[in-house]
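A structural walkthrough
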Amino acid sequence: MDKILEGLISSGHTVPVKKAIVKKVVEAAEKDVAAEECRALFTVTTRLILLGEDAFQKQVGFQVLEAYARYHRSEFEDFFSKDFVLSLLQGGYEQLDRKDPALVDYIHCGLRLLISCPAVLELFSVIQVEVLRLVCERPNPALCARLSTMLSDFVQCVPRDKSGVLFCQQLVRTISYFHCMARQEQELGEYVGQVTKVSTLLQNIWKAEPATLLPSLQEVFAIISSTDPSFDPSIALASLVQHIPVQMITVLIKSLTTDQNVKDANMTKALCRMIDWLSWPLAHHVDTWVIALLKGLAAVQKFTILIDVTLLKIELVFNRLWYPIVRQGALAVLSHMLLSFQHSPEAFHLVIPHVVHLVQSLQADCLPTSKAFLVQFTELIHCMMYQYSGFPDLYDHILEAIKDLPKPGEEKIKLVLNQSAWTSQSNSFTSGPLRQACKSETGKTGLVNLGNTCYMNSILQTLFMATDFRRHVLSLHLNGSNTLMKKLQLLFAFLAHTQRAAYAPRNFLEASRPPWFNVGSQQDCSEYLRFLLDRLHEEEKTIQVLESTKPSVAPAALVDSISKDPKGQTSPEEGATSSLSPAESKADDDRRTLIERTFGGKLVTGIRCTHCNGISEKEEPFTDLSLAFYPSAASQDATKCEGPSVEPKVVCQGSVNGGSEIPVPGSATDQASHVHPAPETSRPPLSVPDLVNYFLAPEILDQDNAYFCEKCSCLQRAEKTMKVVSAPEYLILTLLRFSYDAKCHVRRKILENVTIPPQLCLPVHHPAAPSPASSCTSSPLQVDSPESSENLAKKLKPSQKDEDEDESEAGRGDLSVQVHYVLSSVVMHSGISSESGHYYSCGHNITATDGDPTRRLKEDVRNGQGECAALPGSTGQGSTPPARGLETSDWLLFNDSRVTFTSFQSVQNITSRFPKDTAYVLMYRKQELAGQNVNKGLVANGLRQSAEPPLQKELLDAIIKDNKLYLQEQELNARTQALQAPSSSCSFRPNGSDDNNPPGSCGPSGGGGGGGGGFNTISRLVF
C-alpha cells in the first residue's frame, strides 16, 4: 500500500484521479494490515506531511495518516514513540530544520491521534522539557504561534512548577523579539494573529497557575526597562497588558515606583516603551496602565522622569490620534500628560502645530464617533489655552478651527486643572516622610510666614482677592523695572500660577516693609496696608513726573532709582521702558494713579459755626475709613471734659488710628489686664453700617474743644460734619479696635462683636455748586484731618432735633445717592493686644455683577439680608444671612500657608464662636446698578476686565523656572527622605502646619493663651 501511495503521488495523473485513488487507500485502512505495512505507510505519510512539495501532498499525508492511526492504534503508538518525537524536536527531519513550524504541526497531529493511549503521558513529559528549551532559543513568531496552539490544546505539555515559571518568563522575553517586518496588510494581519495566539497562551497559564503571573510581569519590566542600546524590545509586549487583572494596578505600580533598586534611567525607558504600546492595535487597558504609572511617579515625586518622558513622547502620543483603532486610549494618555504638565507650556506648544489639521480631518469624517471624539479633544485644548494664555499668535488659528464646538465653563476648567497637576496626585503609594505638602483642594496658594509676617500675608491675600485690582496689576507692562509695583505683579503672578502649596514672599517683604517695622516683630496690618498703598501711589506719581519731563525717554534706570532693591527678582533689559499703563490704557485726561482709581475716594469735612452759620469746608482724599466704636456713657462724659485721649500719629507713616506702630516692650506680659470687654447691655449688637453712620454723624465742638470762627473772631460752639463726595471702587473699612488708655498707659483691644453685612450702601453727596476755595488740592492719600490723628470715639451725636435742622440747612443743594457695595474680604485679628496675636483673612472672588444686581439688592434689602449705612431703621440687629453669590464654596480662609474653604456664615459668626477673633479690616467692592454710574464707574476707569489677563513673557518665564525648581526640590527631598526613612525615628510635621512657629508671635502664645481665638486653636477655624 505504501508503494501504491508513493507511485500515485509521483505519477502524472490528474488531481481528481489522484483523489479517487487516495480515497480507496483511506478506505482500506479499515481492513487488517500487517504491522510492517502500517509502519511503512506511517513513514510515507510523515514524509508527505513534512516534505511534501505542495499542499495537495501534505493534505494526502494527513488524511492517510489519520485513517491508519485510528484503526491501527497500537502500530501507530509504536511508530510515534518518545524517541521519534525527541529526534524530531532535537534534530529535525531529514533536510527539515528542527525549528520548522511544520514539525510542531505534525507533533500536534500525532498527539491528537494518541490522546487516549497511555503512552501519550511519556510524550507529554518529553515535550515539556523540549518546549522550554525551544522557547529559550527565541523562536520566530510563526513557530511560537504553532507551539502556542499545540500547548493550548494539550496543557499537559506546558512545563510545571519552577519550570513553568521559567517557561512563562522565557516566553515573555521571546515575545520581545517579535519584530514586525511585514509591509503588506495581509502580512501585518498574520503577524498580529501570531502574537495574539502567544499572549492567549500566557493568559491561560496565568489563570491556571497564578504563581506564574508576578514573575512574568517582573520579566516584562526587566525587558522594557533595559538600557542596552543594542536591544529594542518589540511593542508586541503590549498584547500582554489586556490579560493582566486590572485590580493589580495599585499593587504593581506601588511596587515599581517605591523600589529603590529601580534606577531613573530604567524607569524612564520603561515608561517610554509603555507609551509606545499605544500603537498596538488590539491591546486593551494600555492607557490605564500608562496613566497609573504616570500618577504613581508623580505621587513619589519623580518629576524629572515625568518631564523627560512627556517632552520626548508627547508628539508620538498625539500622532496616535489619527488612527481610529487606538484613538481613544491615546487621547486619555495625551489628556493626562498635558493637563498634569502645568509648570510650563513647553509640552502643549509641541503639539500645537498639529491641532488644526487633526480637527479639520475629524470634521471632514462626519462620523458620530469622530464628532464625539472631537468634543472631548476640543475641551482638552480649551483647558490648555486657559492654563497658558498669552500666546495669541499660536492660538488664533486653533480658536478659528474649533469656534463652532462647545467650550467648557471656567469653573470646570479650573477643576480639571486643579485635579490633574502632578503636585495634586494622590500619594497613597508612599508613607511617612515621603508624603508631600501639595496644594489644598481650593487650588489657591498660601503665603509662608517668614517670622511674624502674618500681618503682610493677610493684606496681600486680601489685595489678591480684589479681582479687578489683581487683573489690572497683572496687565501692567513693567518689563525691566525694579519698582514695588513690579514686585507686587510678580507676587500676584506666583499666587495665581505657582505649583507650590505656599509661596515665600521674601523679596516683597524686604521691599515693602515700613522702615520703622522691626524685623521679626508683630505689626499692625492696617498700618502696613496704608504704607503699601501710599508707596505704590507715590511711586507711580514719580514715574508720571519723570515721563512728563522726558516724554521720549523712560529708561529702566530712572525707575530703578525710585525703588532700589538689590534682591529684585527681575533683571532690567537693555533699552526696556517702564510704564504703569495697563493693556487697556486709561483716558488721557485721567492722571490718577492705579491706587487712586481703585481705592481712592474723597471726603469733605465741614465746620459750621452755630452762631453765625458760617461754613468752612475742606476736601481730602482717602483710601480707607477708620471706624470708631460707640463710647460708653462714662467715656462720653470723660470725652466732653477731657478731649482726645491719644497722642497724634505721624500721618506719613500710614499708622492706624489708635493702633500700634512700635510694640511696647514687655506689654505682652500683662495682656490679660488690658482686655476691654464688650459691655453687657441690652442694646443689639453693632453692625458695620452702624459704625459708618457713626463716622458720618455730625460732631459738636464745644467747651474745651470749641471752634475758632474767623468771622466771629472768637471760640464758638460749632458742628463738624463729614461727607463722602466720591466713592472708591473698593471701599476699605478699618475697625478701630486698638485704643490707648492715657490713664492706665496701656493699649486695649475692643472685643465687641460687629455684624458684617454681605452688602453695604454708602451715602455719596454731590454738591450742586462747591466753592472753589473750599476744596483742597493736596495729594496725600491719608485723610489729613484732626480725625486721622486721634481716636474717633470722642465724637458725639447731637440730638435728633439738631440733626433735622442741620440736614435742612446744610443739606440744601446736595444730591445724595446710595452707592452699593458687596463684601469682598475680611481680615481677622486673633488675640487681645496689638503687640501680639495673629492675622488671617477670609475672602472670595467677585467679578462682574451677577445677574441683575438691582433686583438682587432690592430683594436682599426687602428680605433683611442687606444693610445700608445712613438709611433710616438700619440697626444691623442680629446676624445677616448671606446674599446670593456668597455661597459656601465661594469663600476661602487664608491662614498663612493654609488655604481652606469656609462660608460666609462662619465669617459672620467667628467672634461669637471665638471671642478673641474679631474683624479688623474689611474690603467692599462697588456694585454698578442699572441706571447708576457713580464716579464714571469701573468701566470708565478701565479697571473691570472680564477675564484674567494673559501672563507676560517675563512673568511666565519666572514662574516656569520656579515651577521646575520646585519639582526638583520635591524630588530631591523625596529621595533624601526615602534614604533616611529606614533608620530615622523622628516624626514629621503634618501637611497643615506652617514651616515653623515664628519666634515671638503667631505661635501658641500669640492669642494670649487659652480661651479660644489664639493661634493654638486656629485649626478650629477650618469650617
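Every value quoted in this text rests on a predicted model; they were computed, and no experiment measured them.

So, how was this worked out
Residues numbered from 1 in each chain as written. Predicted model: local features only at pLDDT ≥ 70, side-chain atom pairs only at ≥ 80, totals over all residues. Heavy atoms only, no water. Helix = DSSP H or I, 4+ residues; strand = E, 2+ residues; numbered from the N terminus. Buried < 20%, exposed > 50% of the residue type's maximum accessible area, 1.4 Å probe, protein only. Contact = heavy atoms within 4.5 Å. Areas by Shrake-Rupley, 256 points an atom, 1.4 Å probe, with all protein chains shown as cover. Axes fitted to C-alpha atoms, helices over the stretch in contact; angles between N-to-C directions. Parallel < 35°, antiparallel > 145°, perpendicular 65-115°, else oblique. Left-handed = near helix turned anticlockwise from the far one by under 90°. Nonpolar A, V, L, I, M, F, W, Y, C, P; charged D, E, K, R; others polar. Phe/Tyr/Trp six-rings, centres within 6.5 Å; stacked < 30°, edge-to-face > 60°. Lys NZ or Arg CZ within 6 Å of the ring centre and 35° of its normal. Expected span 1.5 Å × (residues − 1). Salt bridge = Lys/Arg side-chain N within 4 Å of Asp/Glu carboxyl O. Polar contact = N/O pair within 3.5 Å; in protein donor to acceptor, adjacent residues only side chain to side chain. Patch = residues over 30% accessible without salt bridge, like charges linked within 9 Å, V, L, I, M, F, W, Y side chains within 5 Å. pLDDT = per-residue confidence, 0-100. Pairing = 2+ DSSP bridges. Core = buried A, V, L, I, M, F, W, Y, C linked by side-chain atoms within 4.5 Å.

1. What about the overall build of the protein?
Along the protein, the regular secondary structure elements total 36 helices and 21 strands. The buried share of the protein, reckoned over its 1023 residues, is 54%. By sequence separation, contacts in the protein at least 24 residues apart represent 80% of the contacts at least 6 residues apart. As displayed, the protein has an accessible area near 44,100 Å², and 54% of this comes from carbon and sulfur atoms.

2. A look at the packing of helix α15 (residues 286-299) against helix α17 (residues 324-340)
Between α15 and α17, whose axes approach to 9 Å, the crossing angle comes to 15°. Classed by the angle they form, the pair α15 and α17 counts as roughly parallel. The two elements α15 and α17 cross, and the hand of that crossing is right-handed. Packed against α15, whose contacting residues are D287, V290, I291, L294 and K295, the element α17 presents G329, A332, V333, H336 and M337 at the interface. Of the residues that constitute the contact of α15 with α17, the class distribution is 6 nonpolar, 2 polar and 2 charged.

3. Quick look at the environment of F904
Relative to the elements of secondary structure, F904 occurs in helix α33 (residues 904-908). Considered as a pair, F904 and H844 are 60 residues apart in the sequence and their alpha carbons are 9.4 Å apart.

4. A word on the packing of aromatic side chains
Each aromatic ring pair is characterised by the separation of its centres together with the angle its planes make. For the structure shown, the criterion picks out 26 aromatic pairs. Seen from their ring centres, Y191 and W280 are 6.1 Å apart, and the 75° between their planes marks the pair as edge-to-face. Of this pair, Y191 sits in helix α11 (residues 185-208) while W280 sits in the loop between α14 (264-276) and α15; the two residues are 89 residues apart in sequence, bridging distant segments of the chain. Considered together, Y191 and W280 belong to a single accessibility category, that of buried residues. Of note, R327 hangs over the ring of F373, and the distance from its end group to the ring centre comes to 5.2 Å.

5. Re helix α10 (residues 161-175)
In a regular helix each residue adds 1.5 Å, so 15 residues correspond to 21 Å; α10 covers 21 Å between its end C-alpha atoms and thus fits that length. Listed as buried for α10 are G164, F167, C168, Q170, L171, V172, T174 and I175. The secondary structure elements touched by the buried residues of α10 are α8 (120-136), α9 (141-153), α11 and α12 (213-224).

6. Brief notes about the packing of helix α2 (residues 15-27) against helix α4 (residues 55-71)
Where α2 contacts α4, the axes come no closer than 10 Å and their chain directions differ by 15°. Here α2 is positioned roughly parallel relative to α4, judged by the angle of their axes. The chirality of how α2 crosses α4 is right-handed. Seen from α2, the contacting residues are V15, K18, K19, V22, V25 and V26; seen from α4, they are F56, V60, Q63, V64, A67 and Y68. Residue composition of the contact of α2 with α4, by class: 9 nonpolar, 1 polar and 2 charged.

7. Observations regarding the pattern of salt bridges
Any two side chains of opposite charge can pair if their charged atoms end up close together. Counted by the stated rule, this structure contains 29 salt bridges. Taking the shortest distance from any N to any O, the salt bridge between R133 and E130 comes out at 2.3 Å. A residue pair is termed a helical-turn pair when its members lie 3 or 4 positions apart in one helix, as R133 and E130 do in helix α8 at 3 residues. What makes R133 partly exposed here is its relative accessible area of 27%. Salt bridges sharing partners connect three or more residues here, namely R98, K99, E130, R133 and E137.

8. Thoughts on the side chain of S830
Along the chain, S830 turns up in strand β17 (residues 814-830). Using a relative accessible area of 0% as the deciding quantity, one classes S830 as buried. Within the structure, the side chain of S830 is placed 3.0 Å from the side chain of D917, a separation counted as a polar contact.

9. Description of a nonpolar patch on the surface
A cluster of nonpolar side chains, L282, W322, Y323 and I325, forms an exposed patch at the surface whose accessible area comes to about 410 Å². By the secondary structure assignment, I325 is in helix α17.

10. Some remarks on the confidence of the model for the protein
Parts of the prediction with low pLDDT should not have their coordinates interpreted in detail. Predicted confidence across the protein gives a mean pLDDT of 76, with 73% of residues reaching 70 or more. Overall, residues 633-681 carries pLDDT values under 50, and its contacts beyond four positions in sequence, including any with other chains, amount to 98 contacts. Scored below 50 in pLDDT, residues 983-1001 makes 26 contacts in the model with residues more than four places away or belonging to other chains.

11. So, unusual backbone geometry
When glycine is set aside, most residues are seen to have a negative phi, and most peptide bonds are trans. Located in the positive-phi region is S713, a residue other than glycine, with phi close to 60°. Along the chain, S713 turns up in the loop between β9 (707-709) and β10 (714-716). With phi around 55°, D896 is a residue other than glycine that occupies positive phi space. Here D896 lies in the loop between β19 (892-895) and β20 (898-901).

12. Focus on the pairing of strand β5 (residues 624-627)
Where burial is concerned, the two faces of β5 agree: the one with D624 and S626 and the one with L625 and L627 are both buried. Pairing between β5 and strand β12 (residues 730-735): 4 bridges, direction parallel. Each residue of the ladder has a partner; that of S626, found in β12, is T734.

13. As for the nonpolar core
Y68, F80, L111, F167, F377, F469 and L488 are the most contacted members of the largest nonpolar core, which totals 207 residues. Setting aside residues no more than four positions away along its own chain, F377 makes contact with F318, L321, L331, L334, V355, L358 and V359. Counting 39 residues, the second-largest nonpolar core is a separate cluster that includes L691, F695, L762 and L922.

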